[in-house]
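# A closer look at the structure
The residues making up each chain are set out below.
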Amino acid sequence: RLSIDSSNEFNAFNSETNCITVQAGLLDTFRDNDDALAQVIGHEIAHGLLGHSKRQAKYDAKVA
């Protein structure tokens, strides 16, 4: 799943619910560059496949 956040920040992230969120600032920056946007989405897919969100959540729970 893909979600677009209306924030003007330049960021994208993957959540534990298998959803990639792309912020509007990033979309605006790459509006004419499909290859760059595809790379960002691919990067976030890799985070999900490698379980980085789950690992971060476990770490955060231990630290809190």
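See the structure printed just above.
Here is a short report on the structure shown in this document. (Residues numbered from 1 in each chain as written. Predicted model: local features only at pLDDT ≥ 70, side-chain atom pairs only at ≥ 80, totals over all residues. Heavy atoms only, no water.)

Turning next to the overall build of the chain. Looking only at helices and strands, one finds 3 helices and 3 strands in the chain. Listed by position from the N terminus, the elements making up the chain come as β-β-β-α-α-α. Oriented by its inertia axes, the alpha-carbon framework of the chain measures out at about 40 × 20 × 15 Å. Intrachain contacts of the chain at a sequence separation of at least 6 include 21% that bridge at least 24 residues. For the chain, the exposed surface amounts to about 4,800 Å²; the carbon and sulfur share of it is 53%. Both charge centroids of the chain, one from 6 positive and one from 9 negative side chains, sit 15 Å from each other. (Helix = DSSP H or I, 4+ residues; strand = E, 2+ residues; numbered from the N terminus. Contact = heavy atoms within 4.5 Å. Areas by Shrake-Rupley, 256 points an atom, 1.4 Å probe, with all protein chains shown as cover. Lys, Arg positive; Asp, Glu negative; His and termini not counted. Charge placed at Lys NZ, Arg CZ, Asp CG, Glu CD.)

Let's shift gears to the pairing of strand S3 (residues 20-23). Alternating residues of S3 divide into Ile20 and Val22 and Thr21 and Gln23, and every residue in both groups is buried. The pairing of strand S2 (residues 12-14) with S3 spans 3 bridges and is classified as antiparallel. For Asn14, the partnering residue across the bridge sits in S3 and is Ile20. In this antiparallel pair of consecutive strands, S2 and S3, the connection spans 5 residues, and Asn18 shows a positive phi of 60°. (Buried < 20%, exposed > 50% of the residue type's maximum accessible area, 1.4 Å probe, protein only. Pairing = 2+ DSSP bridges.)

A separate point is the packing of aromatic side chains. What the rule picks out here adds up to 1 aromatic pair. Aromatic pair Phe10 and Phe30: ring centres 5.6 Å apart, planes at 75°, arrangement edge-to-face. Separated by 20 residues along the polypeptide, Phe10 in the loop between strand S1 (2-5) and S2 and Phe30 in the loop between helix H1 (24-29) and helix H2 (34-49) bring together distant segments of the chain. (Phe/Tyr/Trp six-rings, centres within 6.5 Å; stacked < 30°, edge-to-face > 60°.)

Our focus in this paragraph is the side chain of Gln23. Turning to its location among the elements, Gln23 is positioned in strand S3. Owing to a relative accessible area of 10%, Gln23 belongs among the buried residues under this scheme. Not counting the four nearest positions on each side in its chain, Gln23 is found in contact with Asp5, Ser7, Glu9, Phe10, Asn11 and Phe13.

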